[in-house]
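Structural overview for review
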Amino acid sequence: ANIQNSSSPYTIQLLDKKFKIVLEKKSTEVTDHNFIFDQLKAGDYIIRLMVDNNNNGEWEYGNILKNETPETVLFYLSEEGSQIISLRANWELGPLVIKF
């Protein structure tokens, strides 16, 4: 995945179809905003981007009692509008671009 226009730290997560985290990387782990998820099993995946808007090192849910909104969550969408990324054995896919 290639992340563009990022001004805040973020965490990129690769999820299975049940939204279980398969892999996770933070923006501080790379400098060029390119993330490679390799050696994956064939299957369907979802990419989630959790933006740390307040730059405190963690994503926050918000608090309705304090009128605080949750920090931004984005999902990769294909040109067809699907969140699901289907991978087959011995395939390479990408780069998948996420802009925010």
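Owing to the predicted nature of the structure, the values given are computational and were not obtained by experimental measurement.

Calculation criteria
Residues numbered from 1 in each chain as written. Predicted model: local features only at pLDDT ≥ 70, side-chain atom pairs only at ≥ 80, totals over all residues. Heavy atoms only, no water. 1 Å grid on protein atoms, 1.4 Å probe; cavity = no way out; pocket = protein on both sides within 12 Å on 5 of 7 lines; lining within 4 Å. Points joined across faces, edges and corners; volume = space filled by probe spheres on them. Helix = DSSP H or I, 4+ residues; strand = E, 2+ residues; numbered from the N terminus. Phe/Tyr/Trp six-rings, centres within 6.5 Å; stacked < 30°, edge-to-face > 60°. Buried < 20%, exposed > 50% of the residue type's maximum accessible area, 1.4 Å probe, protein only. Core = buried A, V, L, I, M, F, W, Y, C linked by side-chain atoms within 4.5 Å. pLDDT = per-residue confidence, 0-100. Pairing = 2+ DSSP bridges. Lys, Arg positive; Asp, Glu negative; His and termini not counted. Salt bridge = Lys/Arg side-chain N within 4 Å of Asp/Glu carboxyl O. Polar contact = N/O pair within 3.5 Å; in protein donor to acceptor, adjacent residues only side chain to side chain. Contact = heavy atoms within 4.5 Å.

1. Examining the layout of surface pockets
When its volume is computed, the second largest pocket comes out at roughly 170 Å³. In terms of lining, the second largest pocket is formed by 14 residues, of which the most central are Y10, T11, K26, G57 and E58. Every element with two or more residues in the lining of the second largest pocket is listed here: β2 (10-16), β3 (21-26) and β4 (43-51). No other element matches β2, which puts three residues into the lining of the second largest pocket.

2. A look at the packing of aromatic side chains
Inspection of every chain in the model, using the stated rule, returns two aromatic pairs. Ring plane angle 80° and centroid distance 4.9 Å describe the contact between W59 and Y61, whose orientation is recorded as edge-to-face. On the basis of relative accessibility, which here comes to 68%, the residue Y61 falls in the exposed class.

3. Details of the nonpolar core
Among the nonpolar cores identified, the biggest contains 15 residues, and I3, I12, I47 and L49 are the most heavily contacted of them. When contributions to this core are tallied by element, the ones reaching two or more residues are β2, β4 and β6 (85-87). Among the elements that make up this core, the one with the highest residue count is β4 (four residues).

4. Let's talk about the environment of N55
Position of N55 relative to the elements: it lies in the loop between β4 and β5 (73-75). With a relative accessible area of 56%, N55 lands in the exposed category.

5. Some words on the confidence of the model for the protein
Mean pLDDT for the protein: 81, with 83% of residues reaching 70 or above. Here strand β1 (residues 2-4) is the element of the protein with the lowest mean pLDDT, 70, and β2 is the one with the highest, 90.

6. Notes on the pairing of β3
Note: β2 against β3, five bridges, orientation antiparallel. Across the sheet, residue L15 finds its bridge partner in β3, namely I21. Where β2 folds back onto β3 in an antiparallel hairpin, the turn is made up of four residues, including F19, whose phi is positive at roughly 65°.

7. Re the side chain of R48
In this structure, R48 sits in strand β4. Buried charged residue R48 carries no salt bridge. Nearest counter-charge: E24, at 6.4 Å. A distance of 2.7 Å separates a polar atom in the side chain of R48 from a polar atom in the side chain of Q13. Once residues lying within four places of it in the same chain are set aside, the contact partners of R48 are T11, I12, Q13, L15, I21, V73, L74 and F75.

8. What about the environment of N56?
Along the chain, N56 falls in the loop between β4 and β5. The spacing of N56 and P9 is 47 residues in sequence and 8.9 Å in space, taken between C-alpha atoms.

9. Here's the deal with the side chain of E71
Along the polypeptide, E71 turns up in the loop between β4 and β5. The side chain of E71 is buried and forms no salt bridge, while K26, the nearest opposite charge, is found at 9.9 Å. Among the polar contacts made by the side chain of E71, one reaches the main-chain amide nitrogen of N54 at a distance of 3.0 Å. Among the polar contacts listed, one links the side chain of E71 to the backbone nitrogen of E60, at a separation of 2.8 Å. Leave out the neighbours within four places in its chain, and E71 touches V51, D52, N53, N54, E58, W59 and E60.

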